[in-house]
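Per-entry structural report
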Amino acid sequence: MSKINKAACIGGGVIGGAWAARFALAGIDVNIFDPHPEAERIIGEVMANAERAYGMLTMAPLPPKGKLTFVKGIEEAVQGADWIQESVPERLELKRGVLTQIDAAADPKALIGSSTSGLMPTDLQRDMKHPERLFVAHPYNPVYLLPLAELVGGQKTDRAVLEDAKAKLAPIGMKGVIINKEIEAFVGDRLLEAVWREGLWLIKDDICDTETLDDVIRYSFGMRWAQMGMFETYRIAGGEAGMRHFIAQFGPCLSWPWTKLTDVVDLTDELVDKIANQSDAQSGARGIRELERIRDQNLVGIMHALKAGDDGRGWGAGKLLAEFEEHLWANAKKPEADLDALKPLRVLDTKVSAAWVDYNGHMTEHRYLQVFGDTSDGVLRLIGVDMDYVRDGHSYYTVETHIRHLGEAKLGDALYTTCQILSSDEKRLQFFSTIYNAETNEPVATAEQMMLHVDSKAGKAVPAPGKVLDKVAALTKAHAGLPVPEGAGRHVGQKR
């Protein structure tokens, strides 16, 4: 799969800093140039929020975090980068000048994306020597969580560059959509502008306040759009007759005086004060970083819900998250399986993130089960039970788990897990896993689990195929010489 090897971010504000976080958490080293005196602090805070969000988003093993390097100029920033993301303020002459400097200093084969929200790529690439590799890569805030990037080429942009950019975004969990023709504000911002313009009129005319308007969106069509967008939602509204019936029924409304869409509200000082005061009353008690964390946590919850589609494929951003996790697992370090070494398998290395801790500052209870679940997944991949195997209709299901909590895992603690096979047969796999503190090597928790091999379509236990059983038997034989782990076979409440 086409991938980004090194990135450069020119501009490190809200958007540029979040691009840097998205790249770094995908394991990509990033050079950053931003003349702001507090750029490192600002991006550091964005990075902290991004790491917290990813800790909630997925338990799939992320690659080692890419290195963020702050440099003193554009020429230094773009050296060695094959993806350069420009995110400077939205002024044509400023962006054009910065992009021309990038073009002159970068490798001629490097892709150059602009984070502009509405400037035409043809205007941006006017003075470039290699305009064919310049395109708009318009993301949505927060870039490290929201996966969409609108890819828009100018008159001189090579179509193959857009296809390459789309391919390179996939491994970092992003959805690149190629817009067929350039137009001011592209697609997303034109839709947002329509809603924003109508909203301003509703506030100005005292139809509602800002909180009521936001409630109308988030408690109704906002939830529908998150999963199906606009047209698929309206198709359902048309009933069995579909979109043709919907348009026939509601199309005439478009000519009714329901909207001030073509009228521009006059943003007088009085109206600006009115909107600002209502907004402060609505959410001003919370700081911007707190609001960002609340937003991120809610977005993660929505994406998780969308991932759990009953057809196994998920919907919208949830489907994309499932594909991203599959990519992460496919590229994760495989568990060690030295059959000559008399020791349990070392399976997983992880770290306690801010999203994992409870009100006591300790790793919350359900995260232990997630870590043990990822440990068993690692063992299954080792014996050949991977995503392709599951898609073919077979897997191992956990039927019994006994967890003991022996120590405390706190925020920032590095952890690793081991797994010892206790017994197996053609259907069953019994094993004992331990979570250790990586610094002290002291056990934090143990889990004894029993799994059954199943035909998931038939919904019943069946013997595993020979190629899987051979690997299971080899592991079971290798671990037969190990002492029985302390705690194996215990029941709840039994003393040591």
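All of these numbers come straight from a predicted model, not from anything done at the bench.

1. Re the sheet that holds strand β7 (residues 148-153)
The strand order across the open sheet formed by 8 strands is β3-β2-β1-β4-β5-β6-β7-β8, and the pairing between neighbours is mixed. Two strands close off the open sheet at either side, each with one partner strand: β3 (68-70) and β8 (175-178). Each strand axis lies, on average, 25° off the axis of its neighbour in the sheet, ignoring direction. Of the strand pairs in this sheet, strand β2 (residues 29-33) and β3 are connected by 3 bridges, and their pairing is parallel. Residue pairing in the sheet places Asn31 in a bridge with Thr69 of β3. The strands touched by helix α1 (residues 14-25) are β1 (6-10), β2, β3, β4 (83-86) and β6 (134-139); relative to β1, the strand with the most contacts, the crossing angle is about 170°. Each of β2 and β3 is contacted by helix α2 (residues 39-57), which is oriented at about 165° to β3, the strand it contacts most.

2. Observations concerning the UniProt feature "domain: 3-hydroxyacyl-CoA dehydrogenase C-terminal" (unreviewed entry) in the chain
Residues annotated by UniProt as "domain: 3-hydroxyacyl-CoA dehydrogenase C-terminal" (unreviewed entry) correspond here to residues 186-251. Annotated as residues 186-251, this span is 74% helix and 0% strand, and its ends, taken at the C-alpha atoms, are 24 Å apart.

3. Re the side chain of Ser395
Locating Ser395 in the fold gives a position in strand β10 (residues 394-405). On the basis of relative accessibility, which here comes to 10%, the residue Ser395 falls in the buried class.

4. Notes on empty space enclosed by the protein
If you walk through the whole model with that rule in mind, you get 2 cavities of 30 Å³ or more. Estimates place the volume of the second largest cavity at around 80 Å³. If you trace the second largest cavity, you find it lined by Arg22, Tyr54, Leu57, Tyr144, Leu145, Pro147, Gly173, Met303, Ala317, Leu320, Leu321 and Phe324. When its residues are assigned to classes, the lining of the second largest cavity shows 10 nonpolar, 1 polar and 1 charged.

5. Considerations on the UniProt feature "binding site: NAD(+)" (unreviewed entry) in the chain
The positions that UniProt labels "binding site: NAD(+)" (unreviewed entry) are, in the present scheme, Gly11, Gly12, Gly13, Val14, Ile15 and Gly16. Along the polypeptide, Gly11 turns up in the loop between β1 and α1. Assessed through its relative accessible area of 8%, Gly11 is described here as buried. If we ignore the near neighbours within four places in the chain, the residues touching Gly11 are Gly16, Gly17, Phe33, Asp34, Ser87 and Val88. By the element assignment, Gly13 lies in the loop between β1 and α1. Owing to a relative accessible area of 31%, Gly13 belongs among the partly exposed residues under this scheme. Once residues lying within four places of it in the same chain are set aside, the contact partners of Gly13 are Ala18 and Asp34.

6. Quick look at unusual backbone geometry
Along the chain, Asn141 connects to Pro142 via a cis peptide bond; the corresponding omega equals 5°. Tracing the backbone shows Pro142 in the loop between β6 and β7. The backbone of Ala185 sits at a positive phi, close to 70°, despite the residue not being glycine. Tracing the backbone through its elements, the reader meets Ala185 in the loop between β8 and α7 (188-204). With a phi angle near 60°, Phe186 is a residue other than glycine that sits in the positive phi range. Checked against the element boundaries, Phe186 lands in the loop between β8 and α7.

What counts and how
- Counting restarts for each chain: residues are numbered from 1 in the order of the written sequence.
- Side-chain atom pairs in this predicted model are given and counted only at pLDDT of 80 or more, local residue features only at pLDDT of at least 70, and totals for whole chains, interfaces and linings cover all residues.
- Heavy atoms from the whole structure form the basis of all side-chain values; hydrogens and water molecules are not counted.
- The pairing criterion is simple: DSSP has to find at least two bridges between the two strands.
- Here a helix means four or more residues in a row that DSSP labels H or I, a strand means two or more in a row labelled E, and each is numbered from the N terminus.
- Axis definition: a line fitted to C-alpha atoms, limited for helices to the stretch in contact. Angles are taken between N-to-C directions and run from 0 to 180 degrees.
- Only heavy atoms matter for contacts: two residues are in contact if any of them lie within 4.5 Å across the pair.
- UniProt positions are given in the numbering used here, feature names are shortened, and annotations may be inferred rather than shown by experiment.
- Think of it in three bands: with a 1.4 Å probe and only protein chains considered, a residue is buried below 20% of the maximum accessible area for its type, exposed above 50%, and partly exposed in between.
- Only protein atoms enter the 1 Å grid, on which a cavity is a set of points fitting a 1.4 Å probe that cannot get out and a pocket is an open set with protein on both sides within 12 Å along at least 5 of 7 lines, lining residues being those with an atom within 4 Å of a point.
- Grid points are joined across faces, edges and corners, and a volume is the space filled by probe spheres set on the points.
- Here the term charged refers only to Asp, Glu, Lys and Arg, the term nonpolar to Ala, Val, Leu, Ile, Met, Phe, Trp, Tyr, Cys and Pro, and the term polar to all other amino acids, Gly among them.

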